[in-house]
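A structural walkthrough
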Amino acid sequence: MLEELKPHLIELRKRLGISVAVIFVAFFVCFAFWEPLLHWMITPLERVLPEGSSVIFVKVHEPFFTAIKVAFFAGLIASLPIIFWQFWLFVAPGLYDHEKKMVVPFVFFATLMFLIGASFCYYVVIPFGFDFLINFGNTLFTALPSIGEYVSFFTKLLIAFGIAFELPVITFFLAKIGLVDDAMLKNHFRYAIIIIFLVSALLTPPDVLTQFLMAGPLIILYGISILIAKSVNPTSIDEDDEEDDEEEKE
């Protein structure tokens, strides 16, 4: 068993090593521009801060480690095409020859969907969510957000939305190798809705508006995923009839 897994583990180590090396190089490049990158990150926060409030740091080492967080996040985003490419090369040996040629579309759309998810979070979710959180109870408290905690929260939120928006790409990949079809996604739609709202509640700030801003697009993306699965791996008529009979029995 271990002998059979050894080549896969060696290949996995190789792909992870290349991805980490690329992120490492991108990190140092981005570290030279950490100040404008940080300014871009805190712009949504500054827009909703009430008068008399400002962003502060409370620990001596906080500015330096914040710069590291900013550079690492930017380096990770810049390295996404290489990371997705290395992932594809890792799974490629298990694909057919015509499927291996889809590396460019996969890398392009995986990167694009991540950026769309992160952009949606930055331009829609964060302004609404932070406006509610910062200004809630501002007559009783003065908002003095810590830069370190803000950057950590900001990056986690953008990454969460970026990963969530990969749903159509993941569906395409699973449908291409025959693991899912449109009927399967349709039959599990109710369970998917529950999971989407649970994930949204875990990944977003604790307010209903922000949770719906994540759950809503994910539900739409799930519907798009059904159409993708139908075009890539449609359910046969016989399988469709069997699933309908099972639903009637239930």
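Let me sum up the structure you'll find in this document. (Residues numbered from 1 in each chain as written. Predicted model: local features only at pLDDT ≥ 70, side-chain atom pairs only at ≥ 80, totals over all residues. Heavy atoms only, no water.)

Axis separation between helix H2 (residues 34-48) and helix H6 (residues 103-135) bottoms out at 8 Å; the angle between their running directions is 45°. By the angle class used here, H2 and H6 are oblique. With respect to the hand of their crossing, H2 and H6 are arranged in right-handed fashion. Mapping the contact onto sequence places Trp40, Thr43, Pro44, Leu45 and Val48 in H2 and Tyr122, Ile126, Pro127, Phe130, Asp131, Ile134 and Asn135 in H6. Class assignment for the residues of the contact of H2 with H6 results in 9 nonpolar, 2 polar and 1 charged. (Axes fitted to C-alpha atoms, helices over the stretch in contact; angles between N-to-C directions. Helix = DSSP H or I, 4+ residues; strand = E, 2+ residues; numbered from the N terminus. Parallel < 35°, antiparallel > 145°, perpendicular 65-115°, else oblique. Left-handed = near helix turned anticlockwise from the far one by under 90°. Contact = heavy atoms within 4.5 Å. Nonpolar A, V, L, I, M, F, W, Y, C, P; charged D, E, K, R; others polar.)

Within the element layout of this structure, glutamine 86 appears in helix H4 (residues 80-91). Assessed through its relative accessible area of 3%, glutamine 86 is described here as buried. Contact partners of glutamine 86, with chain neighbours within four places excluded, come to Arg15, Ile18 and Ser19. (Buried < 20%, exposed > 50% of the residue type's maximum accessible area, 1.4 Å probe, protein only.)

Turning our attention to the nonpolar core. In this structure, Tyr150 and Phe154 are the most contacted members of the largest nonpolar core, which totals 52 residues. Elements with a minimum of two residues in this core: H2, helix H3 (62-78), H4, H6, helix H7 (147-164), helix H8 (167-176), helix H10 (189-203) and helix H11 (208-232). Looking at which element gives the most residues to this core, the answer is H6, with 13 residues. In this structure, phenylalanine 154 is in contact with Trp40, Met41, Phe73, Tyr122 and Ile126, ignoring residues within four places of it in sequence. (Core = buried A, V, L, I, M, F, W, Y, C linked by side-chain atoms within 4.5 Å.)

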